[in-house]
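Notes for the structure review
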Amino acid sequence: MTVLLFDIDGTLLHAGGAGQAAMELALAEEFDRREKVHGIPTAGRTDRAISADLFKFHDLALTDENIEKFKRAYFQRLPHALQNLGGAVLPGVPDLLSALSGDVHWLLGLLTGNFAEGAALKLRHFGLNEHFGFGAYGDLHVERNDVATIAWSETQRRRPLALPEEVWVIGDTPADIACGRAIGAKTLAVATGYYTLDQLKICEPDFLCADLADTEAILDVFRGALPKMAK
Ligand SMILES: [Mg+2]
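Residues numbered from 1 in each chain as written. Predicted model: local features only at pLDDT ≥ 70, side-chain atom pairs only at ≥ 80, totals over all residues. Heavy atoms only, no water.

1. Topic: the nonpolar core
Applied cut-off: Side-chain atoms within 4.5 Å are what join buried Ala, Val, Leu, Ile, Met, Phe, Trp, Tyr and Cys residues into a set we call a nonpolar core. Partly exposed residues are those whose accessible area sits between 20% and 50% of the maximum for their type, while under 20% is buried and over 50% is exposed, using a 1.4 Å probe and protein chains only. Every helix listed is a DSSP run of H or I at least four residues long, and every strand listed is a run of E at least two residues long, numbered separately from the N terminus. Where each domain starts and ends follows an automatic or database-derived domain assignment.
Counting residues in each nonpolar core, the largest one holds 52 residues, and the members touching the most others are L4, F6, L12, F70, L100, L188 and F222. Per-element accounting of this core gives the leading share, 8 residues, to helix α3 (residues 64–85). Looking at which domains feed residues into this core, each of domain 1 (2–15 + 88–223) and domain 2 (18–85) gives three or more.

Put into structure tokens, the structure is as follows:
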């Protein structure tokens, strides 16, 4: 049995900037903060970390009450932003997930910086939600490594005999590779997000590819046969 923990943005799909747009709209309409945001990176980071930076940028108090209000406002606006901004599922993802979902050999979960509800809204919008039985999300933690720790304990709850080396973390950023390594998992990096093959190669993932389009090759990787990496 092999456990596959997938990142969402840049790995399974491109949301077309919907997450950022919905967050900015939430801040404008619920908190009257309309200044154009700049200098806040999002790739590979948790929504908790991004929110903290947004609050600081807008000089908003980072209270539990404000965070809850912000999350509610964001979730209300995200479906509309997803409709309007024309994101897409990334190449090969539906075929790969279908191949994995039909087989008890695999256990599929999410390891994402998204808020849990944001993750569900994005996956539902693109018809991918049914594939994932569990996940670890970016609601509480600033550091992605802490999210990976949760993903690993959620894995152990479901598969008490699982070993870290039977786990793959699949993502599009150096942070995905680092957090996979932090829990002892294998890592597959895919260059369909913000980072190029060369930038990801430096991080030394166990496997690196340009995209997930070649279903059989990716399945071979997860089965333990490591074909040649993308150049
Ligand atoms: Mg990502």
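Text resumes after the structure shown.
2. Some remarks on the domain arrangement of the protein chain
Note the threshold: Once two parts are put together, the accessible area they lose, assessed with a 1.4 Å probe and summed over both, is termed the buried area. Salt bridge, as used here: a side-chain nitrogen of Lys or Arg that lies within 4 Å of a carboxyl oxygen of Asp or Glu.
Domains assigned within the protein chain are domain 1 (2–15 + 88–223) and domain 2 (18–85). Each of domain 1 and domain 2 was reduced to a C-alpha centroid, and the two centroids are 24 Å apart. Counting the surface domain 1 buries against domain 2, the share from its top three residues, F115, L121 and H125, is 35%. On inspection of domain 1 and its partner domain 2, the count reaches 1 salt bridge. For the salt bridge of K71 with D139, the shortest nitrogen-to-oxygen distance reads 2.7 Å.

3. Quick word on the coordination of the magnesium ion
Short version of the rule: Metal coordination here is assigned from N, O and S atoms located within 2.8 Å of the ion, or within 3.2 Å for Na, K and Ca; omission of water means that sites may look incomplete.
Donor atoms from the polypeptide that coordinate the magnesium ion comprise D7 (OD), D9 (O) and D172 (OD), at 2.1 to 2.2 Å from the metal. Taken in sequence order, the residues that donate to the magnesium ion follow the motif D-x1-D-x162-D. A relative accessible area of 5% places D7 in the buried class.

4. A look at the layout of surface pockets
As a reminder of what qualifies: Think of a 1 Å grid over just the protein atoms. A cavity is a set of points where a 1.4 Å probe fits yet cannot get out, a pocket is an open set with protein on both sides within 12 Å along at least five of seven lines, and lining residues have an atom within 4 Å of a point. Grid points are joined across faces, edges and corners, and a volume is the space filled by probe spheres set on the points. Charged means Asp, Glu, Lys or Arg here, nonpolar means Ala, Val, Leu, Ile, Met, Phe, Trp, Tyr, Cys or Pro, and polar covers whatever is left, Gly included.
Taken as a whole, the largest pocket holds about 520 Å³ of empty space. In terms of lining, the largest pocket is formed by 28 residues, of which the most central are D9, G10, T42, A43 and K122. At the level of elements, β2 (13–14), α1 (18–31) and α2 (47–57) are the ones that each hand at least two residues to the lining of the largest pocket. Considering every element that reaches the lining of the largest pocket, the biggest residue donor is α1, with 4 residues. For the lining of the largest pocket, the residue count by class is 8 nonpolar, 13 polar and 7 charged. Residues from two domains meet in the lining of the largest pocket; each of domain 1 (2–15 + 88–223) and domain 2 (18–85) gives at least three.

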